[in-house]
Amino acid sequence: MEALLSPDFPFDPSVAIGASSAYWVGPRHLAGDDGRPYDAVADRLSGIGWTSLTVVRGRRELDEPLEDHQVLRSTVLHISPDGLRWAQWVLSDEPFHLGGLPIAWQVSARSDVSNPLADWSAYFTRDVPGEFIADLLVALDACGQPSAVSAGPEVVLDSVAAHGWLRDADQPHAAAMHPTFTSRLSLGEVPPLIQDSDPRALTVEAEEPGATGWQAWAELGMGASYLWAASFSASVPHGLVAAFASSLSSTAPVLRRVLPESTRDKLLLAPAS
């Protein structure tokens, strides 16, 4: 059941939500990650039986007393029971950036456990709502072959159109956007450093078009900084991108105790109690 949102509910953006207060918030693509960019996804993975491995490294300055030695959590790797799919929490390990924002999660899959390399990868910056990533991972866990392509790109656009998103007039078969133009989904050339088994991802010449994959992002206006960004490499099955897109475009509100400062005045709130 979807909780109703009340545009008349009073909210002062200058006042932070209290630790004991919770609200149903929409639209979800502007709701942020609730200050829980790791836990919201990790809890869902634990619930579907994925195991996790934490790589811990220490950092110590020259002549630093032992009691001041810092131990930092680095990459946390979550692995599916069959070993064909995994999700890495990389924010604490000096990640590269996407749209000017640091990558928080990298999701990958392969078709054979004997292959040490991923067939495809998807990347999500901080502030991507955890519900979107978790729904993608649940769909990934449920599919029999994580690299098999069983649908065309239209399934992605159909999933957002069903929730009221608008197809781009110039690219009706490759892009769609939220009616407020604050979020967009597009099939186009992937950014640099996006890992994929498609050889064009590594061998493309400067004058040639590169491999194409789905990209999603949120911004409050043309030329404004991105609120969050997501990138899917060329070989990610469209059906899995559709699972992410369906969650992204859903009209169901999300539960939040922490609101992003930049979008507070654009959110609809209803008390969760």
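The structure displayed is predicted, hence computed values, not measured ones. (Residues numbered from 1 in each chain as written. Predicted model: local features only at pLDDT ≥ 70, side-chain atom pairs only at ≥ 80, totals over all residues. Heavy atoms only, no water.)

Undergrad: Is there a simple way to explain the overall build of the protein in this structure?
TA: For the protein, the count of helices and strands is five helices and 14 strands. For the protein, the residues scored as buried account for 45% of the 273 residues in total. Pairs at least 24 apart in sequence give 64% of the contacts found in the protein among residues at least 6 apart. Split by element, the accessible area of the protein, about 13,600 Å² in all, is 55% carbon and sulfur. (Helix = DSSP H or I, 4+ residues; strand = E, 2+ residues; numbered from the N terminus. Buried < 20%, exposed > 50% of the residue type's maximum accessible area, 1.4 Å probe, protein only. Contact = heavy atoms within 4.5 Å. Areas by Shrake-Rupley, 256 points an atom, 1.4 Å probe, with all protein chains shown as cover.)

Undergrad: How should I be thinking about helix H2 (residues 130-142) in this particular structure?
TA: One turn of the α-helix equals 3.6 residues, which is why residues spaced by three or four share an orientation. Helix length check: H2, at 13 residues, gives a terminal C-alpha distance of 18 Å against a target of 18 Å (1.5 Å per residue), a fit within 8%. Three or more residues of H2 are buried, namely Gly-130, Phe-132, Ile-133, Ala-134, Leu-136, Leu-137 and Leu-140. Here the buried face of H2 lies against helix H1 (39-47), strand E4 (85-89), strand E6 (101-109), strand E7 (120-125), strand E12 (226-232) and helix H5 (238-249). (Expected span 1.5 Å × (residues − 1).)

Undergrad: How should I be thinking about the nonpolar core in this particular structure?
TA: Where a protein is soluble and globular, its nonpolar side chains tend to be buried together. Core analysis: the largest hydrophobic core is formed by 50 residues, its most contacted members being Trp-105, Phe-124, Leu-137, Trp-228, Phe-232 and Phe-244. Per element, the largest residue contribution to this core is six residues, and it comes from H5. Within the second largest apolar cluster, eight residues are counted, among which are Ile-103, Val-190, Ile-194 and Trp-217. (Core = buried A, V, L, I, M, F, W, Y, C linked by side-chain atoms within 4.5 Å.)

Undergrad: Would you mind showing me how to read the pattern of salt bridges here?
TA: Note that side chains of opposite charge can pair when their charged atoms are close. The full count for this structure, using the stated rule, is nine salt bridges. Ionic pairing is found between Arg-167 and Asp-158, a salt bridge with its closest N-O pair at 2.9 Å. The salt bridge partner of Arg-184 is Asp-168, with a shortest N-O separation of 2.4 Å. Taken together, the residues Arg-184 in strand E10 (residues 183-189) and Asp-168 in the loop between strand E8 (166-167) and strand E9 (175-177) connect sequence positions 16 residues apart. In terms of burial, Arg-184 and Asp-168 fall into one category: buried. Bridged by salt links that share partners, the residues Glu-154, Asp-158 and Arg-167 form one connected network. (Salt bridge = Lys/Arg side-chain N within 4 Å of Asp/Glu carboxyl O.)

Undergrad: How should empty space enclosed by the protein be read in this particular structure?
TA: Over the atoms, a rolled probe matching the size of one water molecule traces out where space is still vacant. Using the criterion set out here, one finds one cavity of 30 Å³ or more in the structure. Estimates place the volume of the largest cavity at around 40 Å³. In terms of lining, the largest cavity is formed by Asp-33, Pro-37, Ala-104, Trp-105, Thr-125, Arg-126, Asp-127, Val-128, Pro-129, Gly-130 and Ile-133. Elements with a contribution of two residues or more to the lining of the largest cavity: E6 and H2. (1 Å grid on protein atoms, 1.4 Å probe; cavity = no way out; pocket = protein on both sides within 12 Å on 5 of 7 lines; lining within 4 Å. Points joined across faces, edges and corners; volume = space filled by probe spheres on them.)

Undergrad: Would you mind showing me how to read the packing of H2 against H5 here?
TA: In a pair of packed helices, the angle between the axes and the distance between the axes together describe the arrangement. Where H2 meets H5, the closest approach of the two axes is 8 Å, and the angle between their N-to-C directions is 145°. Crossing angle aside, the handedness with which H2 passes H5 is right-handed. Residues Glu-131, Phe-132, Asp-135, Leu-136, Ala-139 and Leu-140 of H2 form the contact with H5, whose own contacting residues are Leu-240, Ala-243, Phe-244, Ser-247 and Leu-248. Of the residues assigned to the contact of H2 with H5, the class counts are eight nonpolar, one polar and two charged. (Axes fitted to C-alpha atoms, helices over the stretch in contact; angles between N-to-C directions. Left-handed = near helix turned anticlockwise from the far one by under 90°. Nonpolar A, V, L, I, M, F, W, Y, C, P; charged D, E, K, R; others polar.)

Undergrad: How should I be thinking about the side chain of Glu-219 in this particular structure?
TA: Checked against the element boundaries, Glu-219 lands in strand E11 (residues 212-219). Residues contacting Glu-219, with those up to four places away along its chain left out, are Phe-181, Thr-182, Ala-224, Ser-225, Tyr-226 and Leu-227.

Undergrad: Please clarify how the side chain of Ser-186 should be interpreted in this entry.
TA: Along the polypeptide, Ser-186 turns up in strand E10. On the basis of relative accessible area, Ser-186 is assigned to the buried category, the value being 11%. If we skip the residues at most four places from it in the chain, Ser-186 touches Ala-174, Ala-175, Gly-213, Trp-214, Gln-215 and Trp-217.

Undergrad: Explanation requested: the environment of Ser-246 in the structure shown.
TA: Here Ser-246 shows up in helix H5. On the basis of relative accessible area, Ser-246 is assigned to the partly exposed category, the value being 27%. Residues Ser-246 and Ala-162 lie 84 residues apart in sequence; the distance between their C-alpha atoms is 8.6 Å. Discounting chain neighbours no more than four positions away, the residues touching Ser-246 are Ser-159 and His-163.

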